Structures are given as structure tokens and as C-alpha cells.
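Residues per chain are reported as follows:
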Amino acid sequence: MNDLTDREAVRTQYAREEHLQTRSSVWRPAADGRDPSEIALAIVLASAPGDILEIGCGTGAFAARVAEARPGASLLATDLSPRFVELTAARGVEACIADATDLPCGDDSFDLVAAMWMLYHVPDLERTLAEVRRALRPGGRFLAVTNGDEHVADLRRAAGGGPVITQFSSQNGEEALRRHFDVVRREDVRSRAVFPDHAAAMAYLESSEEGITWDLPFFDGPREYLGETTVFVAS
Ligand SMILES: C[S@@+](CC[C@H](N)C(=O)[O-])C[C@H]1O[C@@H](n2cnc3c(N)ncnc32)[C@H](O)[C@@H]1O
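As a starting point, this report considers the structure included with it.

For the rest of this paragraph, the subject is the nonpolar core. Membership of the largest hydrophobic core comes to 26 residues, with the highest contact counts inside it found for Ile 55, Val 113, Leu 119, Phe 142, Phe 168 and Leu 177. Among the elements of the structure, strand S2 (51–55), strand S5 (110–116), helix H6 (125–135), strand S6 (136–147), helix H8 (173–178) and strand S10 (229–234) are those that each provide at least two residues to this core. By residue number, the principal contributor to this core is H6, which donates 4 residues. Discounting residues that sit within four places of it in the chain, Ile 55 has contacts with Thr 78, Ala 100, Leu 103, Val 113, Ala 114, Ala 115, Met 116, Met 118 and Val 132. If you look at the next biggest cluster of nonpolar residues, it comprises 23 residues, including Leu 41, Ile 43, Val 44 and Val 66.

See below:
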């Protein structure tokens, strides 16, 4: 299993937004038109209005879309990175620095908690899931989005690497959620990473700071690789 939980590496990776933006910018919907972020947004908007918490909010892009679609919603976005909290607040979303393993709220505080592409980073997954359960009111919903072992694995293999295997993935996330929640639903999506050229694919690989010397054979023109992403809803 790849260790994406090292606290210092996480702080360095997300001290600034450029790496995350490099990776986020390549994603396009699956061939059938489905998009994980759109599916997640639809789930939030289909929920009854109430108190919403996002953990590991990144630059606040998703929280801002929720706020725009649900003006007046009670929404709190949190992240470990001071820079990301600053960027999220600049979008007009209430935001604070918080570790997902120790949520700054009382029991039964939220109707929906969202964790988008972040549970593979937390140092103690069981404690984080217990914290989410504690923070949710009875009947509340937990939205968790993550990637699978085959996420851009063909690109990584072509460049001399291997798949990224994590503690919370399309493969093992459902089992982890079932240890804390009664009902778990899932939707699996094969999004497409579209690279305009070889340099863009190299920039994507190098943005993850894994200490690998990538060796991607040169190619001319655009190229696509498949992602593997799952949207989980637990209650
Ligand atoms: C891959 S980024 C995803 C960001 C955002 N959710 C998105 O989808 O663009 C992972 C995020 O989780 C945050 N993070 C990592 N470990 C965390 C922790 N223990 N508590 C809170 N946030 C954490 C990082 O700072 C980063 O913003």
C-alpha cells in the first residue's frame, strides 16, 4: 500500500494550490457523460436543507458550488492547510483549519458531511470515520469520494511506476464505511484524464511529489487515460 498519510508530506503537498490545480485541471467526464463532482453535488442538493460540513475542502471549489446552488445554506468547510482555508474563505464560504481526525464540533451537529478525495490522507481512518459519525445527526448522510487502484494506473505504468493503493479506495472504502454506518451506496465512474501533450502528462505525474523519476516515453499530441473514482453515500 502507498503511504499517502505522512503528515509532513501532506502539509508540503498542500501548502500551496498549484499541485492540486495541475491534477484537477485534466479531468473530464466519463465517456457516458457522468462526472464524480456533479454526482456529489446532486447528492448534496437532493438532501433536505440543513447543516453541511466539508472536511478536507481543498481550495473550496466544491463548497463554493454548494453555496451558490443553495444560497443561505449553513455550510462549514475545513482543511488542514492554512492556505486552502484562506482560498476557501475568499470564495465567501465559512472556513476554518481543522484536522478531520478531531472535528471542531459537538455531537449531532450536521445533516451532511462531505469528504472529497481526502480520506486516503488521514493518519487514522477509523478515528476519522468515527468522528464523522459523531458529528452527524441521526439520519444524516456521509458523502465520500475517492479513487480506485486503477486510477490513471496505465499512465503511471507507462512512466515506470505502478498503481496507487490506498487505505480508502474504490476497492476497500465500502468495507471501511460499513464498520461505522448501516447503509452504504456507491456509484463507480471511469472519468477521463485528458492531456494536451507529453509535457502536461509529465506535469501531472510530477505534481504528486512521490520521489519517483518518471520516464514517460515521448508522444505527440493529446492523450487520454482512464481514472477510477467512486462516490459513496453512507448513513
Ligand atoms: C486531494 S486534496 C482534495 C481537496 C478537495 N476535497 C478537492 O476535491 O479538490 C486532499 C485535501 O485533504 C486535506 N487533508 C489532508 N489530510 C487532512 C486531515 N487530516 N484533515 C483535514 N484535511 C486534510 C489536504 O490539505 C487537501 O486539501
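Below, the discussion takes up the sheet that holds S5. What the 7 strands build is an open sheet, ordered S4-S3-S2-S5-S6-S10-S7; its pairing is mixed. With one partner strand each, in any of the chains shown, strand S4 (95–97) and strand S7 (184–189) form the two edges of the open sheet. The sheet shows a mean angle of 15 degrees between the axes of neighbouring strands, direction not considered. Across the sheet, helix H4 (residues 61–69) is in contact with S2, strand S3 (74–79), S5 and S6; its angle to S3 comes to roughly 175 degrees. Lying on the sheet, H6 is in contact with S2, S5 and S6; it crosses S6 at an angle near 145 degrees.

Attention now moves to unusual backbone geometry. As a rule of thumb, non-glycine residues mostly have phi less than zero, and peptide bonds are mostly trans rather than cis. We note that Trp 117 has phi near 50 degrees; this positive angle belongs to a residue other than glycine. Summarising the element assignment, Trp 117 is placed in the loop between S5 and H6. Its identity as a non-glycine residue notwithstanding, Val 152 has a phi of 45 degrees, on the positive side. Take Val 152: it is sitting in the loop between S6 and helix H7 (153–158).

Another point: helix H9 (residues 198–206). Of all the positions in H9, only His 198, Ala 201, Met 202, Tyr 204 and Leu 205 are classed as buried. Viewed end-on, H9 has its buried residues packed into an arc of 155 degrees, placing them on one side of the element. Among the structural elements, helix H2 (18–24), strand S1 (27–28), H7 and strand S8 (192–195) are those in contact with the buried residues of H9.

The final tally for this structure, using the stated rule, is 1 cavity of 30 Å³ or more. The space that makes up the largest cavity amounts to roughly 40 Å³. Residue lining of the largest cavity: Val 44, Ser 47, Ala 48, Pro 49, Gly 50, Asp 51, Ile 52, Arg 70, Asp 111 and Leu 112, and that is the complete set. Looking at the lining of the largest cavity, the elements with two or more residues in it are S2 and S5.

What counts and what doesn't
Residues numbered from 1 in each chain as written. Predicted model: local features only at pLDDT ≥ 70, side-chain atom pairs only at ≥ 80, totals over all residues. Heavy atoms only, no water. Core = buried A, V, L, I, M, F, W, Y, C linked by side-chain atoms within 4.5 Å. Buried < 20%, exposed > 50% of the residue type's maximum accessible area, 1.4 Å probe, protein only. Helix = DSSP H or I, 4+ residues; strand = E, 2+ residues; numbered from the N terminus. Contact = heavy atoms within 4.5 Å. Pairing = 2+ DSSP bridges. Axes fitted to C-alpha atoms, helices over the stretch in contact; angles between N-to-C directions. Arc of directions from axis to C-beta. 1 Å grid on protein atoms, 1.4 Å probe; cavity = no way out; pocket = protein on both sides within 12 Å on 5 of 7 lines; lining within 4 Å. Points joined across faces, edges and corners; volume = space filled by probe spheres on them.

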